[in-house]
Amino acid sequence: MGKFELPALPYAYNALEPYVSEQIMKLHHDKHHQTYLDNLNKAIDAHPEWGKSIEEIIKTYNSAPDDIKNVLRNHGGGYYNHSLFWLMMSPKKDQMPSGKVADEINKAFGSFDAFKKQFGEAATKIFGSGWEWLVVDSGKLALVSTPNQDSPLTQGKIPILGLDVWEHAYYLQYYQKRADYVDAWWHVVNWADVAMRFETAKR
Ligand code: MN
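Reading the values: the criteria
For every chain, the first residue of its written sequence is number 1, and the numbers climb from 1 along that sequence. For a predicted model such as this one, the threshold for reporting local features is a pLDDT of at least 70, and the threshold for listing and counting side-chain atom pairs is 80 or more; totals across whole chains, interfaces and linings nevertheless cover every residue. To get the side-chain values, all heavy atoms of the structure are used, and hydrogens and water are removed first. The cut-offs for exposure are 20% and 50% of the maximum accessible area for each residue type, with area from a 1.4 Å probe on protein chains only; residues under the lower value are buried, those over the upper are exposed, and the others partly exposed. Secondary structure elements are taken from DSSP: a helix is a run of H or I of four residues or more, a strand is a run of E of two residues or more, and numbering for both begins at the N terminus. The pairing criterion is simple: DSSP has to find at least two bridges between the two strands. A fitted line through C-alpha atoms represents every axis, and for helices the fit uses only the stretch in contact; the resulting angles, taken between N-to-C directions, go from 0 to 180 degrees. Working definition: roughly parallel below 35 degrees, roughly antiparallel above 145 degrees, roughly perpendicular at 65 to 115 degrees, and oblique for all remaining angles. Left-handed describes a crossing whose near helix is turned anticlockwise from the far helix through less than a right angle; right-handed describes the clockwise counterpart. Whether two residues touch is decided by their heavy atoms; if any such pair falls within 4.5 Å, the residues are in contact. A pair of aromatic rings is counted whenever rings of Phe, Tyr or Trp (Trp by its six-membered ring) have centres within 6.5 Å, and the orientation is called stacked for planes under 30 degrees apart, edge-to-face for over 60 and tilted otherwise. Charge-over-ring contacts are defined here by two conditions on Lys NZ or Arg CZ: a distance within 6 Å of the ring centre and an angle within 35 degrees of the ring normal. Note that the domain bounds reflect an automated or database-derived domain assignment. Accessible-area loss on putting two parts together, using a 1.4 Å probe and summing over both, is the definition of buried area adopted here.

Engineer: Please clarify how the pairing of strand 1 (residues 130–137) should be interpreted in this entry.
Structural biologist: A regular strand places its side chains on the two faces of the sheet in alternate fashion. The element strand 1 is largely enclosed, with a buried count of seven among its eight residues. When strand 1 meets strand 2 (residues 140–147), the two strands line up antiparallel, connected through eight bridges. Bridging across to strand 2, Asp137 finds its partner in Lys140. Here strand 1 folds back onto strand 2 in antiparallel fashion, the turn holding two residues, of which Ser138 has a positive phi close to 50°. Here six bridges tie strand 1 to strand 3 (residues 158–164), and the two strands are oriented antiparallel to one another. The partner of Trp131 across the bridge, within strand 3, is Asp164.

Here you go:
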C-alpha cells in the first residue's frame, strides 16, 4: 500500500472538448498518471523514510538512495506534474488572466499576446518529451522548459502554469502537430488557478 493517491479529475473527461479530447483525458489520467503514481508508491514502500510530501520529494530526490533516486525524479515528477496539470485546465473556456498576474505578465513579456507567443514557441521547440512552464523565480515571472518529468520546483522555481508536451498528451488528436495542440490548449487554461498560484508563490 502506497502513500499517494490518484487525484480525481476535477471535471468530466469530456469537459475540455473540443480542445482536448475525452479519449486523451481518459488515457492520460487513468493510465499515464496512474502509472507514475504506482511506481512512486513502490519506491516509497521500499524506502518508507521517503514518505514525505510530494513537494519535498521533488526538491530533495537527489539525496535519495540510488535504487529509488531516478524513480522519485521521473515517476514522482510525473505524479506531481500531472496533479498540477489537471487543475491548470478548466471547462470554463477562454478565460483571460486578470489582476496582479495579468500585470506581471505584461511587465515580464510586454503583453499577453507576446507571452503566449514566447511560451508557445518554447513549448513547440522542446525536443522529445517535456513540459513548458510559467514560473515565479525570485519573485519574478519567467519561462522554463524541462525535459521528461522534471519540475521547476527542483530548481527552486515555483510553477504556476504548465503544459505537458509529451506525445501522449496530444498525439491521438493532433498527431505530430504539437503547435496545433498548443494553440488549442490556450482555450482551456485555468487562469483563476494561475492567479491563485501566483498569489501563493509571491507570499
Ligand atoms: Mn502527461
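What follows continues from the structure just given.
Engineer: I'm lost on the packing of helix 4 (residues 99–109) against helix 5 (residues 112–125) in this one. Help?
Structural biologist: Packed helices, taken two at a time, are described by their axes: the angle between them and the distance between them. Put simply, helix 4 and helix 5 touch, their axes get as near as 8 Å, and they point 70° apart. The orientation of helix 4 with respect to helix 5, classified from their angle, is roughly perpendicular. With respect to the hand of their crossing, helix 4 and helix 5 are arranged in left-handed fashion. Along its contact with helix 4, which presents Ile105, Asn106 and Phe109, the element helix 5 presents Phe112, Ala114, Phe115 and Gln118.

Engineer: Could you clarify how one ought to interpret the packing of aromatic side chains in this entry?
Structural biologist: Note on aromatic pairs: each is described by the distance of the centres and the angle between the planes. Per the counting criterion, the structure on display carries 16 aromatic pairs. Seen from their ring centres, Phe119 and Trp185 are 5.9 Å apart, and the 10° between their planes marks the pair as stacked. With a gap of 66 residues between them, Phe119 in helix 5 and Trp185 in helix 7 (residues 178–185) connect regions that are remote in the sequence. One exposure class covers both Phe119 and Trp185, and it is buried. Taken together, Phe109, Phe112, Phe115, Phe119, Trp185, Trp186 and Trp191 form an aromatic cluster joined through their ring pairs. Above the plane of the ring of Phe4 lies Lys3, whose end atom (NZ or CZ) is 5.4 Å from the centre. When the ring centre of Trp50 is taken as origin, the NZ or CZ atom of Lys52, which lies over that ring, is 3.9 Å away.

Engineer: Could you clarify how one ought to interpret the domain arrangement of the protein in this entry?
Structural biologist: By a widespread convention, an interface's size corresponds to the accessible area lost as its parts come together. Under the domain assignment used here, the protein contains domain 1 (22–87) and domain 2 (99–202). Between domain 1 and domain 2, the C-alpha centre-to-centre distance is 20 Å. Contacts between domain 1 and domain 2 engage 20 residues on the former and 22 residues on the latter. For the domain 1 and domain 2 pair, buried surface summed over both sides reaches about 1700 Å², with 59% attributable to carbon and sulfur atoms.

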